[in-house]
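Descriptive structure summary
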Amino acid sequence: MAKAAVRAGLVAVGLAWVLLAQVVLAADAKTYVLEGSKAAALESCVEPTDVMRRKHMELIKHQRDETVHGGIRSSKHSLAGCVECHIRSDAERVPQPIHHKEEFCGACHAFTAVNLNCFDCHASVPKGPGAERAAHAAFQAVGVDRSVQARPDGEDH
Amino acid sequence: MGKTTEMKDHHEPTDRSADPGLSEATRSDSAPSDSGRRAFMGVAAGVTAAVVAPGVVLHSVTAAPRSEAVTGDVRWGLLIDTAKCVDGCSACVDACDRENGLSLQSKPASASQEHWDDQKAVWIRKVKLQDNQTGRVTNLPLMCQHCEHPPCVDVCPTGASFKRADGIVMVDRHTCIGCRYCMMACPYKARSFIHEVMEEQLTRVPRGKGCVESCNLCVHRRDFGEDSTACVDACREAGHEAIVFGDLKDPESNIRKHLAEMASRQIREDLSLNTGVRYSGI
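In what follows, the accompanying structure is described. Chains are numbered independently. Their residues run from 1 in the order of the written sequence. Think of it this way: whatever chain is written first is A, whatever ligand is written first is 1, and the rest follow in order. With the structure being a predicted model, the display of local features is reserved for residues of pLDDT at least 70 and the display and counting of side-chain atom pairs for 80 or more, all residues being used for whole-chain, interface and lining totals. For the side-chain quantities, the full set of heavy atoms in the structure was used; hydrogens and water were omitted.

1. A short note on the packing of aromatic side chains
Between rings of Phe, Tyr and Trp, where Trp is taken as its six-membered ring, a pair exists when centres lie within 6.5 Å; planes separated by under 30 degrees are stacked, by over 60 edge-to-face, and by other angles tilted. Counted under the stated rule, the structure contains one aromatic pair over all chains. Their ring planes at 20° and their centres at 5.2 Å tell us that W76 of chain B and F245 of chain B sit as a pair that is stacked. Of this pair, W76 of chain B sits in strand β2 (residues 76-81) while F245 of chain B sits in strand β9 (residues 243-247), and the two are 169 residues apart along the sequence. When accessible area is computed with a 1.4 Å probe and restricted to protein chains, residues below 20% of their type maximum are described as buried, those above 50% as exposed, and intermediate ones as partly exposed. Accessibility expressed as a relative area gives 16% for W76 of chain B, which makes it buried. The class of F245 of chain B is buried, set by a relative accessible area of 9%. In this analysis the charged atom, NZ for Lys or CZ for Arg, is taken to sit over a ring once it is within 6 Å of the ring centre and within 35 degrees of the ring normal. Positioned over the ring face of F224 of chain B is R133 of chain A, at 4.1 Å from the centre of the ring. Numbering of helices and strands starts at the N terminus; helices are DSSP runs of H or I of at least 4 residues and strands are runs of E of at least 2.

Okay, here's the thing in structure tokens:
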């Protein structure tokens, strides 16, 4: 009897703790957005944050077909856009592949046990002429008609 | 004479009646006013750069990206004048390799050079033909011929091999399973398979092991409103001007004017594929 009560108590405490943790998480607005990325200097993503968290895979996949079959390049949901804005550069200014475990897409996917093969083919850091052009529409969509530099000195890249 | 009828079918000016001035509008602002606009943007960028706070850099964008799906109002094609194609010159191939990230492939340590030359992906091959009776030698670049009736599309089991509405034949790598039926079906040997894991890809040309690919007429350039391809630019810069790019459906286009003037042929015209790439002097 007493044992059962203790167990129930423990379960209750455990539940309360889980709830509390979630509230704290929400209050702290835990984010995967990384310091050293352009996104860190911006207010919002290409859609409201909760939509992005839940629906980004659908948005990107829809975009994929529009771009590959329809040639549409003016959309804010381009994969090149995600990479350009969310990429983090280290102290030596070397951009870090976005799917790596410590980086933006990689960290959350590691936590949620999602496995992607997108970056077997897609550049995991912005690379080559045309990279900025491909991301331009996404930047426009969030009201920055230019790329925001995470680096303090604003040197061109 | 399948050829004449086919040509007529698809190059008939009446094709464009459903297209009220769209192509004209795009075309007329591409040549002269474009450079003007670019110059203006240069000035504007300079001025703005002086006032934006440090920490902010402008994106430079040359042309408006496409915002509506491609339509059949245009059909992109190439005309290659083999008389101007120079033996030993590989300007078009090299430019294509750079533009489309093909130069980023590296030979696996275990493979022999000969094997690698066979296996690595190429979008353009320089081909040399010799007529054994007369000894006449012809050089030409051979790439995807962007057929109207592409055999690669017919055989593809997943629909990955497809023809875009504007006539570009390409592979949707998201649905390609790497079966290579298309490579066997192509009469031009225009397709390549990626045999090795890729690294350091360019943002504009994703590429990975296990898929087939081929010339896509610099599709990124098309979608950003540029008016030529990497091979055409390189051939011009090398002083040969052997390749003309343009809209086969626009009677006013440069390529149509050339086609109207000079005799040209399709390679393997017996197959009635109505290719978008035409050759003269063969």
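Here the narrative resumes, following the displayed structure.
2. Describing the environment of G101 of chain B
Residues and elements named next belong to chain B. With respect to the element layout, G101 can be found in the loop between α4 (91-99) and α5 (113-119). Judged by relative accessible area, which is 3%, G101 ranks as buried. Measuring from C-alpha to C-alpha, the distance between G101 and D118 comes to 18 Å, with 17 residues separating the pair along the chain. Here, residues are in contact when the closest pair of their heavy atoms is within 4.5 Å. When near neighbours in sequence (up to four residues on either side) are disregarded, G101 contacts L202, V205 and R207.

3. Things to note about the environment of D81 of chain B
Residues and elements named next belong to chain B. Relative to the assigned elements, D81 resides in strand β2. Taking C-alpha positions, D81 is 10.0 Å from P141, a pair spaced 60 residues apart along the chain. When near neighbours in sequence (up to four residues on either side) are disregarded, D81 contacts A242, M262 and S280.

4. Structural notes on the nonpolar core
Here, nonpolar core refers to any group of buried Ala, Val, Leu, Ile, Met, Phe, Trp, Tyr and Cys residues whose side-chain atoms link them within 4.5 Å. Core analysis: the biggest nonpolar cluster contains 51 residues, and L78, I124, M143, Y188, I243 and Y279 of chain B have the highest contact counts within it. At the level of secondary structure, the elements contributing two or more residues to this core comprise β2, α4, β4 (137-142), β6 (169-171), α9 (230-237), β9 and β10 (277-280) of chain B. Judged by nonpolar contacts, the second largest core, of seven residues, contains L79, I87, F119 and V125 of chain A.

5. Overview of the sheet that holds β10 of chain B
All names here are of chain B. An order of β9-β2-β10 is seen for the three strands of this open sheet, with the pairing classed as mixed. Edge strands, defined here as strands with exactly one partner in the open sheet, are β9 and β10. This sheet shows a mean twist of 20° between the axes of neighbouring strands, independent of strand direction. Two strands qualify as a pair provided DSSP detects at least 2 bridges between them. Note: β2 against β9, five bridges, orientation antiparallel. Across the sheet, the residue bridging to L79 is V244, located in β9. Sitting on the sheet, helix α10 (residues 254-261) touches β2, β9 and β10, and the angle it makes with β9 is about 115°. To get an axis, a line is fitted to the C-alpha atoms, and for a helix only the part in contact is used. The angle between two axes follows their N-to-C directions and goes from 0 to 180 degrees.

6. Details of the pattern of salt bridges
Residue and element names in this part refer to chain B. Just to be clear on terms, a salt bridge is a Lys or Arg side-chain nitrogen sitting within 4 Å of an Asp or Glu carboxyl oxygen. A full pass over the atoms with the stated rule returns 20 salt bridges over all chains. D223 is the partner of R66 in a salt bridge, and the nearest nitrogen-oxygen pair spans 3.8 Å. One end of the pair, R66, is in the loop between β1 (56-57) and β2; the other, D223, is in helix α8 (residues 219-223), and 157 residues separate them in sequence. Assessed through its relative accessible area of 28%, R66 is described here as partly exposed. Residue classification places D223 among the buried residues on the basis of a relative accessible area of 1%. Across the salt bridge formed by R265 and E269, the nearest N and O atoms sit 3.5 Å from each other.

7. Remarks on the pairing of β2 of chain B
Residue and element names in this part refer to chain B. Of all the six residues making up β2, six are buried; the element is thus mostly covered by neighbouring parts of the structure. Relative to β10, β2 runs parallel, the two being bridged by four bridges. Bridging from a neighbouring strand, I80 pairs with Y279 of β10.

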